[in-house]
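Coordinate inspection notes
Single-letter residue listing:
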Amino acid sequence: MSLNKAQHDYETPGPSSSHTSSGSDKSDIDILSYHEKNAGRLIIDPEEVTIELGENVASQLKLTKDGTKVLWPQPTDSPNDPQNWSDWRKTVQLIIITLAAIVPDFDSGIGWGGLFAVMLMRRYGRLPVLFWSQVLALGFLIGTTFAPTLKIFTGSEGQSKRQSAIRRTNQSSHALDVQLNLWTMGFIISPFLSPFAFGFLVARASWRWAYGIGSIYSAFVVLLIVFFGEETIYDRTVKPIPEPPTRGLHYRIETLIGITGVKMAKYRPSWKESILSPFNVIWRPHLMMILWFEAMLFGFSIGINGTNPVFLGSPRPFGYGFGPFAIAGGFGTPIVAVVIGELVGRYLNDWIMNTSIRRNNGVFEAESRLWYRRSFFQARY
């Protein structure tokens, strides 16, 4: 069944007379799980789909609103499918996860949470993991703000960092390059926001105000999650696709705190698969090298943020003797750089993707972006 084009942002293509006899018909293909089994090579051009997969499969696929690209993953006919949500509804989720992604490094820390959170999300959904990690991090951050001793301060701050780091892995199931750029900008810019903003503050007021404002910000994100956050995992590969176990406010509360996730876990990957799947990817040499590079790049940048005030503020000859205002102002440079990178990437990523698809006869291959990423890394150094 095709969806109404006027109501949704896609359409179902009709027969293409120029390719009716091209290729063999592969009617046994499951179009709802095709994107998972062929993630490294997705056919984007509708005519190429007809050639490679046959007319029968091509006639079932839904396209973008302009009819030029095949949608992956394929939307279902259900209103519960996040692919069928309005642009505004999707944008609200993007805003929430971007604001939440800022918090880990805004609080100046990265923890162990990210890898463990992926396992929990695959079993119980994204929303409850996002909610509980945010609530726990907020509680420890409040404890840091009012800590009466150094021991309590250190313990609360460390737990806040570990819990808040979980949130970064949460993202919408269907995002365009522009949306991903905005989300990525959030957590890349976050290590520089707090020293830039609060560096000016602590020069005039108590350090507790810095943590207090961080607590207020985290509380604001918690409220956004409670009132506007939605579960974006949709079990489209299960036959038949399971319906939500409850409705209305009951469903809202159960989904937020994780009860719905527990009920739906029987349709999702087992604990064994959830735990082993990250390691099945990490061991691959080409990915391990990328992760190692990013760990050094991102890890040292956060470490430098913590030592810069000491290094720049120490009197000569051991440091530069900068004042607190000069040190705080110095963090404006990477903030501007990240914003410029987002603006460039917003258009450059689309151009590279479209160019590579045309060059590959309507097929998008994941490796198509490696050449320009390598060029930018080499230019950086």
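Okay, so let's go over this structure. Computed from a predicted structure; not experimentally measured.

What counts as what
Residues numbered from 1 in each chain as written. Predicted model: local features only at pLDDT ≥ 70, side-chain atom pairs only at ≥ 80, totals over all residues. Heavy atoms only, no water. Core = buried A, V, L, I, M, F, W, Y, C linked by side-chain atoms within 4.5 Å. Buried < 20%, exposed > 50% of the residue type's maximum accessible area, 1.4 Å probe, protein only. Helix = DSSP H or I, 4+ residues; strand = E, 2+ residues; numbered from the N terminus. Contact = heavy atoms within 4.5 Å. Patch = residues over 30% accessible without salt bridge, like charges linked within 9 Å, V, L, I, M, F, W, Y side chains within 5 Å. Areas by Shrake-Rupley, 256 points an atom, 1.4 Å probe, with all protein chains shown as cover. Salt bridge = Lys/Arg side-chain N within 4 Å of Asp/Glu carboxyl O. Expected span 1.5 Å × (residues − 1).

This next bit is on the nonpolar core. Ranked by internal contacts, the top residues of the largest apolar core, which has 18 residues, are Val49 and Trp72. Listing elements by their share of this core, those giving two or more residues are β2 (41–43), α2 (46–53), α3 (55–58), α15 (332–359) and β4 (363–365). If we ignore the near neighbours within four places in the chain, the residues touching Val49 are Ile43, Gly54, Ala58, Leu61 and Val70. Counting residues in each nonpolar core, the second largest holds 10 residues, with Ile96, Leu224, Ile225 and Leu256 among its members.

Below, the discussion takes up the environment of Ile335. As for its placement among the helices and strands, Ile335 is situated in helix α15. Note on Ile335: relative accessible area 14%, which makes it buried. Residues Ile335 and Met185, 150 residues apart in the sequence, show an inter-C-alpha distance of 9.7 Å. Apart from the residues within four sequence positions on either side, Ile335 is in contact with Ile189, Phe192, Leu193 and Phe196.

We now examine a nonpolar patch on the surface. On the surface, a nonpolar cluster with roughly 430 Å² of combined accessible area is contributed by Leu115, Trp271, Ile275, Leu276 and Phe279. Here Leu115 is to be found in helix α5 (residues 113–124). Classification of Leu115 by relative accessible area gives partly exposed; the value is 37%.

Moving on, we get to helix α9 (residues 207–228). For α9, spanning 22 residues, the distance from its first C-alpha to its last is 32 Å, which sits close to the expected 32 Å at 1.5 Å a residue. Listed in full, the buried residues belonging to α9 are Ala210, Gly212, Gly214, Ser215, Ser218, Val221, Val222, Leu224 and Ile225.

What follows is about unusual backbone geometry. Cis rather than trans, the peptide bond between Lys239 and Pro240 has omega equal to -10°. Locating Pro240 in the fold gives a position in the loop between α9 and α10 (248–257). Cis rather than trans, the peptide bond between Arg316 and Pro317 has omega equal to 5°. Inspection of the secondary structure assignment puts Pro317 in the loop between α13 (285–313) and α14 (324–330). Although it is not a glycine, Asn361 adopts a positive phi angle of roughly 60°. If you trace the backbone, Asn361 turns up in the loop between α15 and β4. For Asn361, a relative accessible area of 54% gives the class exposed.

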